[in-house]
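# Residue-level structure breakdown
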Amino acid sequence: AARVAFTEDFDRRAFDAMVTKRLYDRLSLVFSAIQTEAADTMADDLIGSMFEDVADRDKAVAKISALPPRIAGAPRGTWAGPSGAFRRPELTSNDGALTMLLKQSRAVFLDRIDRVIQGNSVCDSPPLYEATERNAYLLMQSDWACAVLLPGLITQPFADERHDDASLFLGVGYVWAHELCHVTAFDDQWDSTYAGALLHDYQKETFVEAIADVCAVETLRRIGYKNTSICASVSQHWCARVGWAHNPAPSSHPDGNVRGDNLCKFLEVF
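Here the structure is a predicted model, which means the values were calculated and not measured. (Residues numbered from 1 in each chain as written. Predicted model: local features only at pLDDT ≥ 70, side-chain atom pairs only at ≥ 80, totals over all residues. Heavy atoms only, no water.)

## Description of the overall build of the chain
Rules: Note on conventions: DSSP H or I runs of at least 4 residues are helices, E runs of at least 2 residues are strands, and numbering of each starts at the N terminus. To get the radius of gyration, use the C-alpha atoms; to get the globule rule, take the number of residues to the power 0.38 and multiply by 2.2 Å. We call a residue buried when its accessible area falls under 20% of the maximum for its residue type, exposed when it is over 50%, and partly exposed in between, using a 1.4 Å probe and counting protein chains only. Note on contacts: a residue pair qualifies if any of its non-hydrogen atoms lie within 4.5 Å across the two residues. We get accessible surface area from the Shrake-Rupley algorithm with a probe of 1.4 Å; when it comes to residues, only the shown protein chains can shield them. By the counting rule applied here, Lys and Arg register as positive and Asp and Glu as negative, while His and the ends of each chain are not counted. A charged residue contributes its charge at one atom only: NZ of Lys, CZ of Arg, CG of Asp or CD of Glu.
Broken down by element type, the chain carries twelve helices and three strands. Here the chain has a C-alpha radius of gyration of 20 Å; the compact-globule value for 270 residues is 18 Å, and the two agree. Principal-axis analysis of the C-alpha atoms places the extent of the chain at approximately 70 × 45 × 35 Å. A total of 270 residues make up the chain; the buried ones form 44% of that total. For the chain, contacts bridging at least 24 residues in sequence account for 67% of all contacts bridging at least 6. When the accessible surface of the chain is split by element, carbon and sulfur atoms take 53% of a total near 14,100 Å². Taking the average location of the 26 positive side-chain charges in the chain and that of its 37 negative ones, the two points are 7 Å from each other.

This is how it looks when you write it as structure tokens:
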């Protein structure tokens, strides 16, 4: 019951347990640099030519540039947290469990409806998953996008306050770039011939994830990381131990080792 009623508090507990202040401060610089370069990558012809219409490409670039970073459970008012302050209910020692839940549910309702009245960004909405999940996602409409990372993913091997800058950029930074690059997800806007040539090593059902992958490694390359470093990092992060009879089920994501292999090939060719 507490997890349902006090969702934000549980997200904050997960955030505090997994993201130290030093790491949070460093991630601000990593995410900012990647966001700038991802927009430039999308504007460049190699990735941007995926769009058949230049206007759609320009919209994608604008979405990346305007997108506010979000990490589930991050403190409100900070660089990756929602705006505004939550007005906590006044709980007393005489309140029973039901009274506490009712007071909290009213406070949550008032907080949510205030965001609507104030016209806050959709990106200030609560995360779709629990903060402990090892996941990230992008929400998008025609003129806006929101990218959210969950603290469960901001741990080793993707991130740690003891990691050097390269490890952060090539780990959690790659994931962040991948989510930003999902502004390409409306495949009805694609130049299908160009998409087929750019992603010829991938199964067609994985194209939406594949273009985000190659856009992410191109973003890291533009920042200054060498092909060999990027290839090694993505291959290590997505390495999968498979048996001799491995027969992967159809998926929107490239299969474990294929994901690294194809990104290395992309870097070699393009």
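## Digging into the state of the cysteines
Linking two cysteines covalently through their sulfur atoms gives a disulfide. To be explicit about the condition: The rule for a disulfide is simple: a pair of cysteine sulfur atoms within 2.5 Å.
This structure, assessed with the given rule, holds three disulfides. Disulfide pairing is shown between Cys123 and Cys146; the S-S distance is 2.0 Å. Its torsion about the S-S bond being -85°, the disulfide of Cys123 and Cys146 is classed as left-handed. In this pair, Cys123 sits in the loop between helix H6 (97-118) and strand S2 (136-140) while Cys146 sits in strand S3 (residues 145-149), placing the two residues 23 residues apart along the sequence. No difference in accessibility class separates Cys123 from Cys146, as the two residues are buried. One disulfide in the model links Cys231 with Cys264; its S-S distance is 2.0 Å. One quick way to see it: the torsion about the S-S bond of Cys231 and Cys264 is about 95°, and its sign makes the bridge right-handed.

## Looking at the packing of aromatic side chains
Here is the rule we go by: Two aromatic rings, drawn from Phe, Tyr or Trp (for Trp, its six-membered ring), form a pair once their centres lie within 6.5 Å of each other, and the interplanar angle then sorts them: stacked below 30 degrees, edge-to-face above 60, tilted otherwise. Whether a charge sits over a ring depends on NZ of Lys or CZ of Arg being within 6 Å of the ring centre and within 35 degrees of the ring normal.
As enumerated under the stated definition, the model contains eight aromatic pairs in all. Between Tyr24 and Trp79, the ring centres sit 5.0 Å apart and the planes meet at 25°, which makes this aromatic pair stacked. On the criterion of sequence distance, the pair formed by Tyr24 in helix H3 (residues 21-43) and Trp79 in the loop between strand S1 (69-71) and H6 is long-range, its members being 55 residues apart. Residue Tyr24 is classed as buried on the basis of its relative accessible area, which comes to 7%. Centroid distance Phe169 to Tyr225: 5.7 Å. Interplanar angle 40°. Geometry classified as tilted. One end of the pair, Phe169, is in helix H7 (residues 165-170); the other, Tyr225, is in the loop between helix H10 (207-223) and helix H11 (227-237), with 56 residues separating them in the sequence. Note on accessibility: Phe169 and Tyr225 belong to one class, buried. Members of the aromatic cluster, connected to one another through ring pairs, are Phe15, Tyr24, Phe31, Trp79 and Trp176. The lysine or arginine in question, Arg259, covers the ring of Trp238, its NZ or CZ lying 4.2 Å from the ring centre.

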